[in-house]
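Coordinates in review
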Amino acid sequence: MLRKWWHDKIAYQIYPKSFLDTNGDGIGDLPGIISKLDYLKALGVDIIWLSPIYQSPFVDQGYDIADYYAIAEEFGTMEDFDALLAETKKRDMAVIMDLVINHCSDKHIWFQKALADPEGEYADYFYIRDGKDGCPPSNLRSYFGGSCWEPIPGTGKYYFHMFAKEQPDLNWENPAVRHELYAMINWWLEKGLAGFRIDAIINIKKDLDFPSFAPDGPDGLAACWKMVDSVNGVGDLLEDLKNHTFRHYNAFTVGEVFNMKEAELPAFIGEDGHFSTIFDFSAHCLSNGEHGWYDAPPISFENWRRAIFESQLKVQKVGFEANIIENHDEPRGVSRFLPAWAQNDAGAKMLGTVSLLLRGIPFIYQGQELGMTNNNWHSIDEFEDINTLDQYRTALEAGLSEEEALAVCARCSRDNARTPIPWTDGPCAGFTTGTPWLPLNENASALNAASQENDPASTLSYYRRLTALRKSQEWREVFTYGRFEPAYEDEPAIMAYCRVMDGTRVLVAANFGRDTVTLRPDYTIKRVLLSNRPTEPENTLTLKSCDVIVAECCLS
Ligand code: GLC
């Protein structure tokens, strides 16, 4: 396998709005990020992914871009951004930005021009179609609820949007659109950006007939991903994108890809694939509800472990995936993937270990290194996220009580991951001197960076040891390129695997169960490299509840 500069890197996602505010407006900003670069460096971070910082009305928290060439004033200025690039470079770190090019904001000048003249040049930058007998052109339901088609007043025409109505989809079939987007991408890469996380990218290929599908809900609509599933040819667009942009810069690209056709994995992430990597969402998709969050199935340990193993075994034949526990669209992993008895420091360390040592590129989401959890939410009014408000309505329409619908949102909301980072135990957790845009997590006074900073037993200190191990001279090779081999699959509460390369074998074993387990001596431990046990790690395969060990070993 051809080696690439990103294979052995550790990435960290920053959600700028919630990271650190330095000007008291309650919203995180670029100077805040710059002031924490040493913190990130000490955590072992090589690549920083910034969720969108472009100018935006923030209907979908910046995933609705009004100007691709401007920094949102809430976050700072282009000078701040250039300073961030310079400061990261000094520390041998790279920055990637979010690339949101399936859609833009309805406030983008292209869309404003399209609305002003729905027959003109800019109308063809979007998908604008005539209605059918006074109804929308098809019955697709957007990801955020309601029809994908929004009427253009006074015209009998509609425009297409797969997300909010303020996020009109761009017409990728129009060469002028592609040309504009490629120029913009290259402009950022010329500036010194290392690459992009590419948003919702599978959606760019539309079925230009825009057919209707069998309704799948009481609203008579059908989920828009059904069109994504049924259409072919996204690969041609993705190759065109890569060949006009990323390829010339050796850029690191990570695609947000759901609904990929299984056979297309090599085309996406194989040698010279469309992207450097894509996220592995296989564990997250286990809780996809048929109709929404309200009927989301719980995730069993067994299904979670199987999903990860299957994905690791499949992907290692092809390329690299990017491994996450959580991101800005997901609830916190500690609250989601750990059983009740493991939702504590030891559990957070255990989950971090088994995730970060998988084969692939680890992405840590801000606050994960502190063991952040979901918040306690008391009212639907506390949420800001457009998707959460839609899911609340959907749950009520399905007959849930207000209390039940709130519980659904408390469990599943994206805002769980978006509460501000608690830096200290002071006022507003040191996040802002103003009023935070979203409530702080209720546990912020106990769970914060300052209290963990100098505590060798903290989750933060443990994460530093974990990333240091992964990147150490001695072990980086096996953790980067070593084969993945499941272990102890017959043990009902053990998550264990080996990373194997040439004569080296490292066992990672964690006990997600409530009881102590003594593992079969399939392996002889030579040396324990890391463990979350409070006392000095002994060379034993007896794991108490929430224990994890990483050990050099050989087959017994
Ligand atoms: C992606 C983003 C999400 C956003 C959506 C629309 O899924 O991660 O936050 O709402 O795309 O841009």
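Residues numbered from 1 in each chain as written. Predicted model: local features only at pLDDT ≥ 70, side-chain atom pairs only at ≥ 80, totals over all residues. Heavy atoms only, no water.

A short note on the site of the ligand
Taken together, 13 residues lie around the ligand, and D60, D199, E256, H328 and D329 are the ones closest in. The separation between an oxygen atom of the ligand and a polar side-chain atom of R414 is 3.1 Å. Here the ligand, which alone exposes 310 Å², has 95% of that area covered by the protein. (Near = heavy atom within 4 Å. Polar contact = N/O pair within 3.5 Å; in protein donor to acceptor, adjacent residues only side chain to side chain. Areas by Shrake-Rupley, 256 points an atom, 1.4 Å probe, with all protein chains shown as cover.)

Observations concerning the packing of aromatic side chains
Inspection of every chain in the model, using the stated rule, returns 41 aromatic pairs. Measuring from ring centre to ring centre gives 6.1 Å for W49 and F363, while their planes differ by 70 degrees; the resulting arrangement is edge-to-face. Taken as a pair, W49 in strand β2 (residues 47–50) and F363 in strand β15 (residues 361–365) lie far apart in primary sequence, 314 residues in all. For W49, a relative accessible area of 1% puts it in the buried group. Ring centres of W304 and F512 lie 5.1 Å apart, and the angle between their planes is 45 degrees; on these two criteria the pair is classed as tilted. Taken as a pair, W304 in helix α9 (residues 301–315) and F512 in the loop between β18 (504–511) and β19 (517–518) lie far apart in primary sequence, 208 residues in all. An aromatic cluster is present here, built from Y54, Y68, Y69, F81, W110, Y122, Y125, W187 and W188 joined pairwise through their rings. The lysine or arginine in question, K36, covers the ring of W423, its NZ or CZ lying 4.2 Å from the ring centre. Directly above the aromatic system of F320 lies the positively charged group of R359, at a separation of 4.2 Å from the ring centroid. (Phe/Tyr/Trp six-rings, centres within 6.5 Å; stacked < 30°, edge-to-face > 60°. Helix = DSSP H or I, 4+ residues; strand = E, 2+ residues; numbered from the N terminus. Buried < 20%, exposed > 50% of the residue type's maximum accessible area, 1.4 Å probe, protein only. Lys NZ or Arg CZ within 6 Å of the ring centre and 35° of its normal.)

Some thoughts on unusual backbone geometry
If you check the backbone angles, D92 has positive phi at about 60 degrees while not being a glycine. Tracing the chain through its elements places D92 in the loop between α3 (78–90) and β5 (94–99). Of note in the backbone geometry, D502 takes a positive phi value of approximately 45 degrees without being a glycine. Structurally, D502 is set in the loop between β17 (494–501) and β18. Judged by its relative accessible area of 77%, D502 is exposed.

With respect to empty space enclosed by the protein
Tallied over the full model, the rule gives 4 cavities of 30 Å³ or more. Approximately 140 Å³ is the volume found for the largest cavity. Lining the largest cavity are 15 residues, and of these A283, I308, I324, S355 and L358 sit closest to its centre. Taken together, the elements giving at least two residues each to the lining of the largest cavity come down to α9 and α11 (345–356). Ranked by the residues each element gives to the lining of the largest cavity, the list is headed by α11, at 3 residues. For the lining of the largest cavity, the class distribution of residues is 10 nonpolar, 4 polar and 1 charged. (1 Å grid on protein atoms, 1.4 Å probe; cavity = no way out; pocket = protein on both sides within 12 Å on 5 of 7 lines; lining within 4 Å. Points joined across faces, edges and corners; volume = space filled by probe spheres on them. Nonpolar A, V, L, I, M, F, W, Y, C, P; charged D, E, K, R; others polar.)

What about the sheet that holds strand β16 (residues 483–487)?
Read from one edge to the other, the open sheet built from 5 strands follows the order β16-β17-β18-β22-β20, with strand pairing classed as antiparallel. Each end of this open sheet is capped by a strand with a single partner; those strands are β16 and β20 (523–531). Put simply, the sheet's adjacent strands are angled 30 degrees from each other on average, direction ignored. By the bridge criterion, 5 bridges tie β16 to β17 in an arrangement that is antiparallel. The residue bridging R483 from the neighbouring strand is V500, located in β17. Seen against the sheet, α9 touches β16 and β17 and runs at an angle of roughly 15 degrees to β17. (Pairing = 2+ DSSP bridges. Axes fitted to C-alpha atoms, helices over the stretch in contact; angles between N-to-C directions. Contact = heavy atoms within 4.5 Å.)

Quick notes on helix α5 (residues 175–191)
Here α5 spans 24 Å end to end across 17 residues, near enough to the 24 Å set by a 1.5 Å rise per residue. Looking at α5, one finds that the buried residues are V177, R178, L181, Y182, M184, I185, N186, W188 and L189. Phi turns positive, to about 115 degrees, at G192, one or two residues after α5. (Expected span 1.5 Å × (residues − 1).)

Examining helix α13 (residues 402–412)
Of the residues making up α13, those classed as buried are A405, L406, V408, C409, A410 and C412. Residues of α13 that are buried sit in contact with α12 (386–397).

Considerations on the pairing of β15
Among the 5 residues that make up β15, 5 are buried, leaving the element largely enclosed by the rest of the structure. Alternating residues of β15 divide into I361, F363 and Y365 and P362 and I364, and every residue in both groups is buried. When strand β1 (residues 11–14) meets β15, the two strands line up parallel, connected through 3 bridges. Looking at β15, one finds that Y12 is bridged to I364. In this structure, strand β14 (residues 321–323) lies alongside β15, joined through 2 bridges in parallel fashion. The residue of β15 that forms the bridge with A322 is I361.

Some details on the pairing of strand β22 (residues 548–555)
The buried fraction of β22 is high, at 6 of 8 residues. Sheet topology note: the β18/β22 ladder contains 5 bridges and is antiparallel. For V506, the partnering residue across the bridge sits in β22 and is E552. Sheet topology places β20 next to β22; 7 bridges connect them, and they run antiparallel. Bridge pairing in β22 links T524 to C554.

Points about the layout of surface pockets
Taken as a whole, the second largest pocket spans an internal volume of roughly 400 Å³. Along the wall of the second largest pocket there are 22 residues; nearest its centre are K4, W6, D272, G273 and S276. Here the lining of the second largest pocket is composed, by residue class, of 9 nonpolar, 8 polar and 5 charged.

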